[in-house]
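One-letter residues, chain by chain:
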Amino acid sequence: MYVFVYVTASSLEEARKIARHVLEKKLAACVNVFPISSMFWWEGRIENALEFAMIIKTKSEKLSELKEEIKSLHSYSTPCICAFAVEDGLREFLNWIDETVEEE
Amino acid sequence: MYVFVYVTASSLEEARKIARHVLEKKLAACVNVFPISSMFWWEGRIENALEFAMIIKTKSEKLSELKEEIKSLHSYSTPCICAFAVEDGLREFLNWIDETVEEE
Amino acid sequence: MYVFVYVTASSLEEARKIARHVLEKKLAACVNVFPISSMFWWEGRIENALEFAMIIKTKSEKLSELKEEIKSLHSYSTPCICAFAVEDGLREFLNWIDETVEEE
């Protein structure tokens, strides 16, 4: 199954560090990054923060290793790492993900 | 089931008002907001607008109440409120959603 | 089934050209566009590019035609065109997609 994994990072620098790491480990084919403003509950209060979202394009077989690698690098103790199933896609693009993300 | 709910708002102010409201009501754990430019059909013409997208992280059990609360606050009569199922995620992060979004 | 289709384009201009085309062909009801910075594998190297992401709101019945139309317009030989199933949504908004995206 192909998945897009949504991850948030504390800075553009952190997002790019994580993106390069998971690409170099062939755990993903492509990462899109964009700025977000976040509002969330933390230790009993509603907090605000400027963050960066990452959309990591990969295959579900890579998810457990991807989670471990991101957790090991991430500045948060509990980073948002959530995967969404690609329902359908352009065959050539999905083939490119297959070729790029090395088989086990 | 964990879901990300995609909602569009007419301004950053409206997005933050809705975000704070659903967080205060414990209908969500976190909201990410970012600017978008939109093109859409409206009353027989293709229109353009600058909007703000919201990604609301919550559980499917909260969806019906979340829809009602957003509709009651929103400036649009027909706001985009669409939920996507989280296929898989970092266990600690999903636990945090559980702890943050109070049970019925 | 309702779907959001995620597509990336090389420029805002290309994104808006594709958005207008798929709207005019009644293959979608609405398109949201936002800037992203991308990191990806290409011909054996990790490359960087500034792109624009598009979220196209439509129905799964339109997907095959949508893929063809986007491919025919796109500057990439292998554009990212990936669809995600809407799990649940505001009934009025989904009805609006039905009314806007013409039946076969």
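Residues numbered from 1 in each chain as written. Chains lettered and ligands numbered in written order. Predicted model: local features only at pLDDT ≥ 70, side-chain atom pairs only at ≥ 80, totals over all residues. Heavy atoms only, no water.

Participant: Explain the packing of aromatic side chains to me, please; I cannot follow it from the model alone.
Facilitator: Each aromatic ring pair is summarised here by two numbers: the centre-to-centre distance and the angle between the ring planes. Applying the stated criterion across every chain yields a total of 15 aromatic pairs over all chains. Taken together, a centroid distance of 5.5 Å and an interplanar angle of 90 degrees make the contact between Tyr6(B) and Phe4(C) edge-to-face. Of this pair, Tyr6(B) sits in strand β1 (residues 2-9) while Phe4(C) sits in strand β1 (residues 2-9), placing the two residues on different chains. Note on accessibility: Tyr6(B) and Phe4(C) belong to one class, buried. It is Lys26(A) that lies over the ring of Trp41(C); its NZ or CZ is 4.6 Å from the centre. (Phe/Tyr/Trp six-rings, centres within 6.5 Å; stacked < 30°, edge-to-face > 60°. Helix = DSSP H or I, 4+ residues; strand = E, 2+ residues; numbered from the N terminus. Buried < 20%, exposed > 50% of the residue type's maximum accessible area, 1.4 Å probe, protein only. Lys NZ or Arg CZ within 6 Å of the ring centre and 35° of its normal.)

Participant: What exactly am I supposed to notice about the interface of chain B and chain A here?
Facilitator: Size of an interface: often given as the accessible area lost when the parts come together. Facing the 28 residues of chain B at the interface are 26 residues of chain A. For the pairing of chain B and chain A, the buried interface totals around 2,400 Å² over both sides, and the portion due to carbon and sulfur atoms is 64%. By the criterion of area lost to chain A, the three top residues of chain B are Glu87(B), Asp88(B) and Leu90(B), representing 23% of everything that side buries. In this assembly, chain B and chain A are joined by 2 salt bridges. At the boundary of chain B and chain A, one finds 13 residue pairs in polar contact (both at pLDDT 80 or more). (Contact = heavy atoms within 4.5 Å. Buried area = accessible area lost by both parts, 1.4 Å probe. Salt bridge = Lys/Arg side-chain N within 4 Å of Asp/Glu carboxyl O. Polar contact = N/O pair within 3.5 Å; in protein donor to acceptor, adjacent residues only side chain to side chain.)

Participant: Would you explain unusual backbone geometry in this entry?
Facilitator: Most peptide bonds adopt trans geometry, and most residues besides glycine take a negative phi value. All names here are of chain A. For Glu-43, which is not glycine, the phi dihedral falls at a positive 50 degrees. By secondary structure assignment, the location of Glu-43 is in the loop between β2 (30-42) and β3 (45-59). Accessibility expressed as a relative area gives 71% for Glu-43, which makes it exposed.

Participant: Explain empty space enclosed by the protein here, please?
Facilitator: Once rolled over the atoms, a probe with the size of a water molecule shows which space is left empty. Considering all chains together, one arrives at 2 cavities of 30 Å³ or more under this definition. Each pocket or cavity is described by its volume, and for the largest cavity that value is around 370 Å³. Lining the largest cavity we find 18 residues, and of these Tyr6(A), Ile55(A), Tyr6(B), Ile55(B) and Ile55(C) sit closest to its centre. Of all the secondary-structure elements, those providing two or more residues to the lining of the largest cavity are β1 (2-9) of chain A, β1 of chain B together with β1 of chain C. In this structure, the second largest cavity occupies an estimated 30 Å³ of space. (1 Å grid on protein atoms, 1.4 Å probe; cavity = no way out; pocket = protein on both sides within 12 Å on 5 of 7 lines; lining within 4 Å. Points joined across faces, edges and corners; volume = space filled by probe spheres on them.)

Participant: I would appreciate a short explanation of the interface of chain C and chain B in the present structure.
Facilitator: At the interface, 28 residues of chain C touch 26 residues of chain B. Between chain C and chain B, a total of about 2,400 Å² is buried, with carbon and sulfur atoms accounting for 64% of that surface. Together, Glu87(C), Asp88(C) and Leu90(C) form the three largest contributors to the area buried by chain C at its contact with chain B, with a combined 23%. At the boundary of chain C with chain B, the tally comes to 2 salt bridges. In this structure, Lys71(B) engages Glu92(C) in a salt bridge whose closest nitrogen and oxygen atoms are separated by 2.7 Å. Counting every contact that joins chain C to chain B gives 13 residue pairs in polar contact (both at pLDDT 80 or more). Contributing elements (two or more residues each) for the side of chain C that touches chain B: α1 (12-24), β2 (30-42), β3 (45-59), β4 (81-85), β5 (88-89) and α3 (91-100) of chain C. Grouping the constituent residues of the side of chain C that touches chain B by class yields 17 nonpolar, 3 polar and 8 charged. Here strand β4 (residues 81-85) of chain B runs beside β5(C); their pairing, made up of 2 bridges, is antiparallel. Residue Cys82(B) lies in a different strand from β5(C), and its bridge partner there is Gly89(C). (Nonpolar A, V, L, I, M, F, W, Y, C, P; charged D, E, K, R; others polar. Pairing = 2+ DSSP bridges.)

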